[in-house]
Amino acid sequence: RAVWPLPERFHVSIHRYGNNTFKAPHSGFANREDEIDTLFEIIGYRKFCVSECGFHMAPERSWRTFLRTVRLSEQQHANYLRQEMLFWEHAGAEFACIFQLNDGPTNQREHRYGIRRFDGTWKPSASRL
């Protein structure tokens, strides 16, 4: 529950996860810039940060590909994370944090957001940030 209206001294923290594309906005928005415009309508021009964001590399069934199993490649993951960091910098975020340093032990979505593999080796995304 939020205190409304937000006191001026409050900073705002948001989480934003894409649907494994960088450009696609969430449902109800024309584009990602429209999401930011709406964010500012809500918070005014208070300082904000992105305390979680990211893209997963787990396989998933996609309606867009007629239920074929798809997953991001390591290069797509690296490119999307780089674009995400630049997007938030341009939007004025104080900082942005990628959810999950290390991948987990399974191929489940929650275990595949990392920039380091479960075996401890770095993914290309680690060097793109």
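Residues numbered from 1 in each chain as written. Predicted model: local features only at pLDDT ≥ 70, side-chain atom pairs only at ≥ 80, totals over all residues. Heavy atoms only, no water.

S.K.: Is there a simple way to think about the sheet that holds strand β1 (residues 12-17) in this case?
M.R.: Sheet strands line up and pair through hydrogen bonds in the backbone, either parallel or antiparallel. Taken in spatial order, the three strands line up as β1-β2-β5 in an open sheet, and their pairing is parallel. Of all the strands in the sheet, the pair left with one neighbour each is β1 and β5 (96-98). The mean inter-strand angle of the sheet, taken between neighbouring strand axes irrespective of direction, is 20°. Bridging between β1 and strand β2 (residues 48-54) involves six bridges; their strand directions are parallel. Residue pairing across strands places Val12 opposite Phe48, the latter belonging to β2. With respect to the sheet, helix α1 (residues 32-43) is in contact with β1 and β2, its orientation differing from that of β1 by roughly 155°. (Pairing = 2+ DSSP bridges. Helix = DSSP H or I, 4+ residues; strand = E, 2+ residues; numbered from the N terminus. Axes fitted to C-alpha atoms, helices over the stretch in contact; angles between N-to-C directions. Contact = heavy atoms within 4.5 Å.)

S.K.: Quick question: what am I supposed to make of helix α2 (residues 74-91) here?
M.R.: Along an α-helix, residues three or four apart share an orientation, since each turn contains 3.6 residues. Here α2 is 18 residues long and its end C-alpha atoms lie 26 Å apart, about the 26 Å a rise of 1.5 Å per residue gives. All buried positions along α2 are accounted for by His77, Ala78, Tyr80, Leu81, Glu84, Met85, Phe87, Trp88 and Ala91. Packed against the buried residues of α2 are β1, α1, β2, β5 and α3 (124-128). Taken from the residues just after α2, Gly92 is the one with a positive phi, measuring 100°. (Expected span 1.5 Å × (residues − 1). Buried < 20%, exposed > 50% of the residue type's maximum accessible area, 1.4 Å probe, protein only.)

S.K.: I would appreciate a short explanation of the packing of α1 against α2 in the present structure.
M.R.: In a packed pair of helices, the relevant descriptors are the angle between the two axes and the axis-to-axis distance. With their axes 12 Å apart at the nearest point, α1 and α2 run at an angle of 40° to one another. With respect to α2, the axis of α1 lies oblique. For α1 against α2, the interelement crossing comes out right-handed. Two secondary-structure elements touch here, α1 through Arg32, Glu33, Ile36 and Phe40 and α2 through Glu84, Phe87, Trp88 and Ala91. Looking at the contact of α1 with α2, its residues break down into five nonpolar, no polar and three charged. (Parallel < 35°, antiparallel > 145°, perpendicular 65-115°, else oblique. Left-handed = near helix turned anticlockwise from the far one by under 90°. Nonpolar A, V, L, I, M, F, W, Y, C, P; charged D, E, K, R; others polar.)

S.K.: What am I meant to see in the pairing of β2 here?
M.R.: Along a regular strand, successive side chains alternate from one face of the sheet to the other. Along β2, five of the seven residues are buried, which leaves the element largely enclosed by surrounding structure. Note on the crossover from β1 through α1 to β2: the handedness is right-handed. In this structure, β2 lies alongside β5, joined through two bridges in parallel fashion. Bridging from a neighbouring strand, Val50 pairs with Ala96 of β5. (Right-handed = clockwise from strand over helix to strand, strands pointing away.)

S.K.: What am I meant to see in the packing of aromatic side chains here?
M.R.: Ring pairs (aromatic) are described by centroid distance and by the angle formed between their planes. Applying the stated criterion to the full structure yields eight aromatic pairs. Centre to centre, the rings of Tyr17 and Phe99 are 6.0 Å apart; their planes meet at 85°, and the pair counts as edge-to-face. Remark: Phe99 occurs in the loop between β5 and α3 and Tyr17 occurs in strand β1; sequence separation between them is 82 residues. Classification of Phe99 as partly exposed rests on a relative accessible area of 28%. On the numbers, 5.7 Å between centres and 80° between planes, the contact of Phe40 with Phe48 is edge-to-face. (Phe/Tyr/Trp six-rings, centres within 6.5 Å; stacked < 30°, edge-to-face > 60°.)

S.K.: Honestly, the environment of Asn102 in this entry has me stumped. Any pointers?
M.R.: In this fold, Asn102 is placed in the loop between β5 and α3. Considered as a pair, Asn102 and Phe118 are 16 residues apart in the sequence and their alpha carbons are 6.2 Å apart. Contact partners of Asn102, with chain neighbours within four places excluded, come to Gly114 and Arg116. A distance of 2.5 Å separates a polar atom in the side chain of Asn102 from a polar atom in the side chain of Arg116. (Polar contact = N/O pair within 3.5 Å; in protein donor to acceptor, adjacent residues only side chain to side chain.)

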